[in-house]
Amino acid sequence: AIAFNVKFDKAFSSVRRTTLATGEDLESLRSDLVDLTTEIPTTFAAITNIGTIGAQLDVANEDLAKFTEVVSMFSATTNVSVDEAATGLGRLAQLTHTAGTDYENLGSAIYQVGVTSVATEQEILNMASEIATSGDLAGLANYQIIALAGTLSSLGVQPEAARGSLMRIFNVITTGAENGGKSLQELAKISGMTADQFKRTWESDSQTALSAFVRGLSEMQ
């Protein structure tokens, strides 16, 4: 029992170092991570490794146990390794300002898109991480960014190319919506809306405006 406890303490040391937690908060976190080993078929060393990566990616201490659970489950049901899942989900959650209570929904969204598209979860996660900042600035929700990532990955677009293209597209649309004039009129015409409708839709529901714009482009001669 003593040797087993020493082994756990050694594995937990990296979590202690990266979270900077102390006292009751630290003991509570340790207890939560130990409990996960009774619920998930994995070792405590693997659990603490995920927790360490999460802490390094600025996951809040109170959300670390949930993050670790989601990453473990996500890795076990997809083609993504534990380290890649922890890094990818952690970075994506931070870039899209995802709350700790929504980590499970974030992982489920990637899994669902992986099932219903021709892209793997690894490809979707990589793409989503690349376009997350642009999508977030454009007003897209995290699940909308994941859906867009699945589409781009299914089409074989490279993540770096997608990031640059979307930055330019979103910049053109945002500038047109803010400044009005001929640019806004052209965007609205392609999207099948009036200029005022397109401006209001982009500001309140950017996904609907983007979908209308892409649909309009596909129908142009």
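Description of the structure in this document. Quick caveat: nothing in here was measured; it's all calculated off a predicted structure.

In this structure, the largest pocket occupies an estimated 360 Å³ of space. Along its surface, the largest pocket is lined by 18 residues, and Leu148, Leu152, Leu166, Leu210 and Val214 are the ones closest to its centre. The element that contributes the greatest number of residues to the lining of the largest pocket is helix H12 (residues 206–219), accounting for six residues. Of the residues that constitute the lining of the largest pocket, the class distribution is 13 nonpolar, five polar and no charged.

Moving on: the pattern of salt bridges. A full pass over the atoms with the stated rule returns five salt bridges. Glu130 is the partner of Arg163 in a salt bridge, and the nearest nitrogen-oxygen pair spans 2.8 Å. Placement of Arg163 in helix H9 (residues 159–179) and of Glu130 in helix H7 (residues 121–138) is noted, with a sequence separation of 33 residues between them. Here Glu130 falls in the partly exposed class, since its relative accessible area comes to 24%. Of the charged contacts, one joins Lys199 and Glu203 as a salt bridge, the two residues approaching to 3.1 Å between their closest N and O atoms. Taken together, the positions of Lys199 and Glu203, both in helix H11 (residues 195–204) and four residues apart, correspond to about one turn of that helix. Taking the relative accessible area as the measure of exposure, Lys199 reaches 25% and is therefore partly exposed.

Here is what the cut-offs are and how they apply
- Residues numbered from 1 in each chain as written.
- Predicted model: local features only at pLDDT ≥ 70, side-chain atom pairs only at ≥ 80, totals over all residues.
- Heavy atoms only, no water.
- 1 Å grid on protein atoms, 1.4 Å probe; cavity = no way out; pocket = protein on both sides within 12 Å on 5 of 7 lines; lining within 4 Å.
- Points joined across faces, edges and corners; volume = space filled by probe spheres on them.
- Helix = DSSP H or I, 4+ residues; strand = E, 2+ residues; numbered from the N terminus.
- Nonpolar A, V, L, I, M, F, W, Y, C, P; charged D, E, K, R; others polar.
- Salt bridge = Lys/Arg side-chain N within 4 Å of Asp/Glu carboxyl O.
- Buried < 20%, exposed > 50% of the residue type's maximum accessible area, 1.4 Å probe, protein only.

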